[in-house]
Amino acid sequence: MNDIVEIQPDIYWIGALHPDLRIFDDLFPTKNGTTYNSYLVRGKEVKRLTDPAMVDYIIVNHTEPDHSGALALLLEHCPKAVVVCTQSAANFLKNLIHAPVTTHVVKDGEVLDLGGRQLRFFIAPFLHWPDTMFTLLEEDRVLFTCDAFGAHYCGTGLFNDEMPDVTADMEFYFDCLVRPFKDKVLSAIDKIRGEQIDMICPSHGPLLRGNPLRAVALYEQWSRPARDGKNIVLLYLSPHGNTAKMSEAVARGASLPGIEVIRRHINDLTSGEIRSLMEEADGLIFGIPTINRDIPKPVWDVLAYLSTIHLKTAIAGLFGSYGWSGEACKMAEDRLKGLRFTFPAPFVRAAFAPRAEVLAQCEDLGKAVAEAVLHNKP
Ligand code: FEO
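In this text the structure is predicted, and so the values were computed from the model without any measurement.

Procedures and definitions
Residues numbered from 1 in each chain as written. Predicted model: local features only at pLDDT ≥ 70, side-chain atom pairs only at ≥ 80, totals over all residues. Heavy atoms only, no water. Core = buried A, V, L, I, M, F, W, Y, C linked by side-chain atoms within 4.5 Å. Buried < 20%, exposed > 50% of the residue type's maximum accessible area, 1.4 Å probe, protein only. Helix = DSSP H or I, 4+ residues; strand = E, 2+ residues; numbered from the N terminus. Contact = heavy atoms within 4.5 Å. Pairing = 2+ DSSP bridges. Domains from an automatic or database assignment. Buried area = accessible area lost by both parts, 1.4 Å probe. Salt bridge = Lys/Arg side-chain N within 4 Å of Asp/Glu carboxyl O. Polar contact = N/O pair within 3.5 Å; in protein donor to acceptor, adjacent residues only side chain to side chain. Nonpolar A, V, L, I, M, F, W, Y, C, P; charged D, E, K, R; others polar.

Asks: Help me understand the nonpolar core, please; the structure alone is not making it clear to me.
Replies: Most often, soluble globular proteins have nonpolar side chains that are buried together. Residues Leu127, Phe134, Leu143, Phe149 and Tyr219 are the most contacted members of the largest nonpolar core, which totals 32 residues. Going through the elements one at a time, β13 (133-137), α4 (167-178), α5 (182-192) and α6 (213-223) are the ones with two or more residues in this core.

Here you go:
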């Protein structure tokens, strides 16, 4: 494929393909590689593609280095160019590019006339950095969204209607980057609702020419709360059945009127299911056995997910069985306190099999968490 493709009259893809990339940002697996999409829009007054000295504006929808890494060099070739961006982006550029940058900070809804073509800007913060915005090329109905609606996918063509369905790649990308900011996703979608959009051009993966609004609908679906009412999610691991027995008592105690208790063995859930449940929870309770003086790895993984999602709650409870040392509950408490959780009741531990009095403590623990959830104001 060429490194320049005219995607609509006088609108060019000028990106780069990276099919061999296997880990993005040292963090996210990219089994299908990725693309770095940039675009050139020519106003009616400019007829060549294009003398850099003639470039008036560089629109920076987002400053993460996969999109702004070449900006300093580009500005050397475009001495007239003004960088158009959000206030956060302008602030970030000062530390990303150690050279003077002429910026124009846009307001939400501001319009920029390119001479026969107009750009309109929608401030859309936290998709997925504080600096992000969308840019709509009004006459052509093309929306440039940077990371939003993108996917790490490098195909043989540029457009989604030229390649297999990449919904799974889009969802994985959403999970990795945007998921902690679901409320921001919904706010951004509200801003573009009702706009005429024929194509969405994200900064990674396919350009969405075939049914572009399907991607918007998917983002909305992935971001909307799935449950009504209050619920407590109880996740546990139980190598010998003891923590499971405690979990039943905790769930009994937590089952107050107005509370749905969702009790699940961690190994019965995918990581996506665990994250969805925790995001929707009004209270979280973890049943954690101590194994080799530590929290078992599947539970550490769950505790790590907590910082990758947008939590509704900061109310938690802990319990677990142990054999001879019993460190796990304290370690988890420290982790959760670091994430600003509070504990309506102290954690409950059982040495090996829980006795009746320990099971009673478990019921009290569940009840205390449920009462805190019921009294918690949203
Ligand atoms: Fe947030 Fe593709 O960079």
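On we go.
Asks: Please explain the environment of Tyr57 as it appears in this structure.
Replies: The topology assignment puts Tyr57 in strand β8 (residues 57-59). Distance from Tyr57 to Leu112, taken between C-alpha atoms, is 9.8 Å for residues 55 residues apart in sequence. Sequence-distant contacts of Tyr57, defined by excluding residues within four places in its chain, comprise Ala81, Val82, Val84, Leu112 and Leu114.

Asks: What should I look at first to understand the pairing of strand β16 (residues 230-236) in this one?
Replies: Consecutive residues of a regular strand have side chains that alternate between opposite faces of the sheet. With respect to burial, β16 is a largely interior element, six of its seven residues being buried. Sheet topology note: the β16/strand β17 (residues 259-265) ladder contains seven bridges and is parallel. Its bridge partner lying in β17, Ile232 is registered against Val261. Two elements, β16 and strand β18 (residues 283-287), share five bridges in a ladder whose sense is parallel. Bridge pairing links Leu234 to Ile285 in β18.

Asks: Can you walk me through the environment of Val261 in this structure?
Replies: Structurally, Val261 can be placed in strand β17. On the basis of relative accessibility, which here comes to 21%, the residue Val261 falls in the partly exposed class. Counting along the chain gives 22 residues from Val261 to Gly283, while the straight-line C-alpha distance between them is 9.4 Å. Beyond its immediate stretch of four places on either side in the chain, Val261 contacts Ile232, Ala251, Ala254 and Ser255.

Asks: Sorry, what's going on with the domain arrangement of the chain here?
Replies: In many analyses, interface size is given as the accessible surface area lost on bringing the parts together. Looking at the chain, the domain boundaries give domain 1 (5-223) and domain 2 (230-373). On a C-alpha basis, the centres of domain 1 and domain 2 stand 41 Å from each other. Contact with domain 1, which involves five residues of that partner, is made by seven residues of domain 2. For the pairing of domain 1 and domain 2, the buried interface totals around 530 Å² over both sides, and the portion due to carbon and sulfur atoms is 37%. Counting every contact that joins domain 1 to domain 2 gives three salt bridges. Close ionic contact of Glu279 with Lys182 constitutes a salt bridge, the shortest N to O distance being 2.5 Å. Seen at the junction of domain 1 and domain 2, the total is three residue pairs in polar contact (both at pLDDT 80 or more). Grouping the amino acids of the side of domain 1 that touches domain 2 by side-chain chemistry returns one nonpolar, no polar and four charged.

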